[in-house]
Amino acid sequence: MVAHDVIELVPQARVDMRRRRSSSPCADLFDVLDAVRDPEIPVLSIWDLGILQDVRRDADAVVVTITPTYSGCPAMQQIESDIIDALHQAGETQVLVERQLAPAWSSDWMDADARRRLREYGIAPLYDLRCPQCGSDEVERVSEFGSTACKALYRCLACREPFDQFKRI
Amino acid sequence: MSDIGLYARRLGDDALILGQRLCEWCSNAPVLEEDLALANTALDYLGRARLLLSYAGSFDGKSEDELAYLRGEREFENLLLMELPNGDFAFSMARQYLLDVYEGGFFAALAQSSDEQLAAIAGKAAKEVAYHLRRSAEWLRRLGLGTDESNARTQAALDELWGYTAELFEMDALEERLAAAGVAVDRRALEADWRAQVTRAITEAGLQVPETAWSVRGGREGVHTEYLGHLLSELQYLQRAHPGLSW
Ligand SMILES: [Zn+2]
């Protein structure tokens, strides 16, 4: 294979998310929520995954807007209660979590750094399908459906190890 | 209830009933990978059902649980195809394929709905349908071009399913009204593309497009096959036996 440069195109929705965070009067609360991780993939925060959309104050309450990943993902409920716990611990007494469905969540909202951490954790991120164990690109898909809704199952033909891919959706 | 609420409810019923059916495969699939795949697909349907039934309930103060667990058989308006028993693996995969092609067209159209919430739910569903279809199309081909046995079973499944597909493209007064208002999908308009795509895939898989002389309808009016009642008795057992029970 010829070596080539990868051009990182950042989706507009991700650009908007970053802008909301950097210009937010609640920047400290965004920081608090960096501690909220995906219960199945602890190397990624809800910000890394593009689940956390916005944090704002509305009278005495803190309102957190999130975009659910897969419609049936059972982790979403856990994530919501982790958000509330994290903000309670930071001294906020009234926390509301709102779900925003549109635009529909996309795995492309994950930043390059998050994809790198995913690979180090042993999960091949999106279109980068090299084996996380040995780096070979001789791999085959075993099933489009892995251990959770967000993952597909692959096998490395070089080292014979199975591995998960974080699906592109 | 408002028209939009009723529409969301029947779409929620479609997702809930097929989701429940697919759950029955859990621990019964032919191989582990397929077990995971079927359970994951079922979860997508369940998630979709929750979004739609919550939205439906918001019009008259009912919870998603009340709608799922406390309605009788005649109050469900899912399409009949959703409630048919799973049969063998070929039957479940053939049904899934026919529905995935249909849902691909349906949710792409519903994503353009003038109702923002329905459009948002459809936008999410469309993404999930895309990978459901990749898998079911692959299986149709594999089973059709596999052994004589897998071919025969898949053909038998298609023959049995075919008469239930007419209902996918029929409209009633409620959906006509909502389609005219830009809210609902005109399902009749989906039929030509569906037929062309399905015909091509069936033929390429070494199977015959059935020539069925019968078709059956009733789901959208709450008239069901004998199978729905049995499904509901399992789905609703806990809430009926212990009303208000929660985790
Ligand atoms: Zn390897």
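The sections below set out a description of the structure shown in this document. Owing to the predicted nature of the structure, the values given are computational and were not obtained by experimental measurement. (Residues numbered from 1 in each chain as written. Chains lettered and ligands numbered in written order. Predicted model: local features only at pLDDT ≥ 70, side-chain atom pairs only at ≥ 80, totals over all residues. Heavy atoms only, no water.)

Things to note about the overall build of chain A
Stage number 1. Within chain A one finds four helices and seven strands.
Stage number 2. Along its sequence from the N terminus, chain A presents helices and strands in the succession α-α-β-β-α-β-α-β-β-β-β.
Stage number 3. Each of the three principal axes of chain A carries a C-alpha extent, and together these read 60 × 30 × 25 Å.
Stage number 4. Counting over 169 residues, chain A shows a buried share of 49%.
Stage number 5. Put simply, of all contacts in chain A between residues at least 6 apart along the chain, 54% involve residues at least 24 apart.
Stage number 6. When the accessible surface of chain A is totalled, it reaches about 8400 Å², and 48% of it is carbon and sulfur.
Stage number 7. The distance from the centre of the 20 positive side-chain charges to the centre of the 28 negative ones in chain A is 4 Å. (Helix = DSSP H or I, 4+ residues; strand = E, 2+ residues; numbered from the N terminus. Buried < 20%, exposed > 50% of the residue type's maximum accessible area, 1.4 Å probe, protein only. Contact = heavy atoms within 4.5 Å. Areas by Shrake-Rupley, 256 points an atom, 1.4 Å probe, with all protein chains shown as cover. Lys, Arg positive; Asp, Glu negative; His and termini not counted. Charge placed at Lys NZ, Arg CZ, Asp CG, Glu CD.)

Some points on the pattern of salt bridges
Residue and element names in this part refer to chain B.
Stage number 1. Inspection of the entire model under this criterion finds 37 salt bridges over all chains.
Stage number 2. Where Asp172 meets Arg10, a salt bridge forms, and the shortest distance between an N and an O atom there is 2.9 Å. Taken as a pair, Asp172 in the loop between α7 (148-162) and α8 (173-180) and Arg10 in helix α1 (residues 3-23) lie far apart in primary sequence, 162 residues in all.
Stage number 3. Given the relative accessible area of 23%, Asp172 is considered partly exposed.
Stage number 4. In this structure Arg10 comes out as buried when scored by relative accessible area, which is 3%.
Stage number 5. Counted as one network, the salt bridges with shared partners bring together Arg10, Asp14, Glu77, Asp172, Glu175, Arg187 and Arg220. (Salt bridge = Lys/Arg side-chain N within 4 Å of Asp/Glu carboxyl O.)

Notes on the side chain of Asp35 of chain B
Residue and element names in this part refer to chain B.
Stage number 1. Take Asp35: it is sitting in helix α2 (residues 32-57).
Stage number 2. Despite its burial, Asp35 pairs with no opposite charge, the nearest such side chain being Arg135 at 9.7 Å.
Stage number 3. Apart from the residues lying within four places of it in its own chain, the contact partners of Asp35 are Trp25, Cys26, Ser27, Asn28 and Ala29.

Structural notes on the coordination of the zinc ion
Residue and element names in this part refer to chain A.
Stage number 1. In this structure, Cys131 (SG), Cys134 (SG), Cys156 (SG) and Cys159 (SG) serve as the protein donors to the zinc ion, at separations of 2.3 Å.
Stage number 2. Around the zinc ion sit four donor atoms; with metal-centred angles ranging over 106 to 114 degrees, the donor geometry is tetrahedral.
Stage number 3. Written as a sequence motif, the donor residues of the zinc ion are C-x2-C-x21-C-x2-C. Residue Cys131 is located in the loop between β4 (123-125) and β5 (139-143), and its partner Cys156 is located in strand β6 (residues 151-156); the two are separated by 25 residues in the primary sequence.
Stage number 4. With relative accessibility at 0%, the residue Cys156 sits in the buried group. (Donors = N, O, S within 2.8 Å, 3.2 Å for Na, K, Ca; no water. Tetrahedral: all angles 85-135°; square planar, octahedral: opposite > 155°, others 65-115°.)

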